[in-house]
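Here is how the chains run, residue by residue.
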Amino acid sequence: MTDLPEVEMFTDGACRGDPGPGGWAVLLRTGAKEREISGGEPLTTNNRMELMAAIKGLEALKRACRVQLHTDSTYVRDGITRWITSWKKRGWRTADNKPVKNVDLWQRLELALATHTVEWVWVRGHAGHPENERADRLARRGLEECRDSAAHEKGPG
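Residues numbered from 1 in each chain as written. Predicted model: local features only at pLDDT ≥ 70, side-chain atom pairs only at ≥ 80, totals over all residues. Heavy atoms only, no water.

Engineer: Lay out the pairing of strand β3 (residues 33–44) in plain terms, naming residues and giving numbers.
Structural biologist: Bridge count for strand β2 (residues 20–30) against β3 is ten bridges, and the pairing is antiparallel. Opposite Arg29, over in β3, you have Glu34 as the bridge partner. In this antiparallel pair of consecutive strands, β2 and β3, the connection spans two residues, and Gly31 shows a positive phi of 60°. (Pairing = 2+ DSSP bridges. Helix = DSSP H or I, 4+ residues; strand = E, 2+ residues; numbered from the N terminus.)

Engineer: Outline the sheet that holds strand β4 (residues 66–71), supporting the account with residue identities and numerical values.
Structural biologist: Spatial strand order, β3-β2-β1-β4-β5: five strands in an open sheet with mixed pairing. Taken across any chain shown, the strands that pair with only one partner, and hence form the sheet edges, are β3 and β5 (117–122). Across the sheet, the mean angle separating the axes of adjacent strands is 20° when strand polarity is ignored. Bridge count between strand β1 (residues 6–15) and β4: five bridges; the pairing is parallel. Residue pairing in the sheet places Glu6 in a bridge with Arg66 of β4. (Axes fitted to C-alpha atoms, helices over the stretch in contact; angles between N-to-C directions.)

Engineer: Please provide a residue-by-residue account of helix α2 (residues 74–89), values included.
Structural biologist: Here α2 contains 16 residues, and its C-alpha end-to-end distance of 22 Å stays within 8% of the 22 Å for a straight helix at 1.5 Å per residue. Listed as buried for α2 are Tyr75, Val76, Asp78, Gly79, Ile80, Ile84 and Trp87. Buried residues belonging to α2 abut α1 (46–59), β4, α3 (103–113) and β5. Looking one or two places after α2, you find Gly91, whose phi comes out positive at around 70°. (Expected span 1.5 Å × (residues − 1). Buried < 20%, exposed > 50% of the residue type's maximum accessible area, 1.4 Å probe, protein only. Contact = heavy atoms within 4.5 Å.)

The following block contains the structure:
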């Protein structure tokens, strides 16, 4: 497993209103090579966008990799490293027997993780971390592009 390519991944999600239009972004780095991926949805939540950023980043990898995934979302980090096993044992229900929110994305994230070795790294959001700030700008751009295209599709008043 030590021969796996190493990838640094910086993810972020953004939402205007919760729910509201949202965006997600991921910055992938392998050595000196970088790639930015972003997108958005017209009606979503911030947690869904945070999850989508991690999912899209992992799905973009063409082969098994060793990934250091940086997120400012404790929801994503704790969900995948602490809670998911219990959720699955309880049939995707929380400790207080409520359905797990965003189960579709948790299952998709779990699938995306299957071929990779991932270290989850939490970074404080909006604290000057250069790559996190960059991912935040990209996610907000994804949000704006999604919002603008939705407004354009509706047409004038």
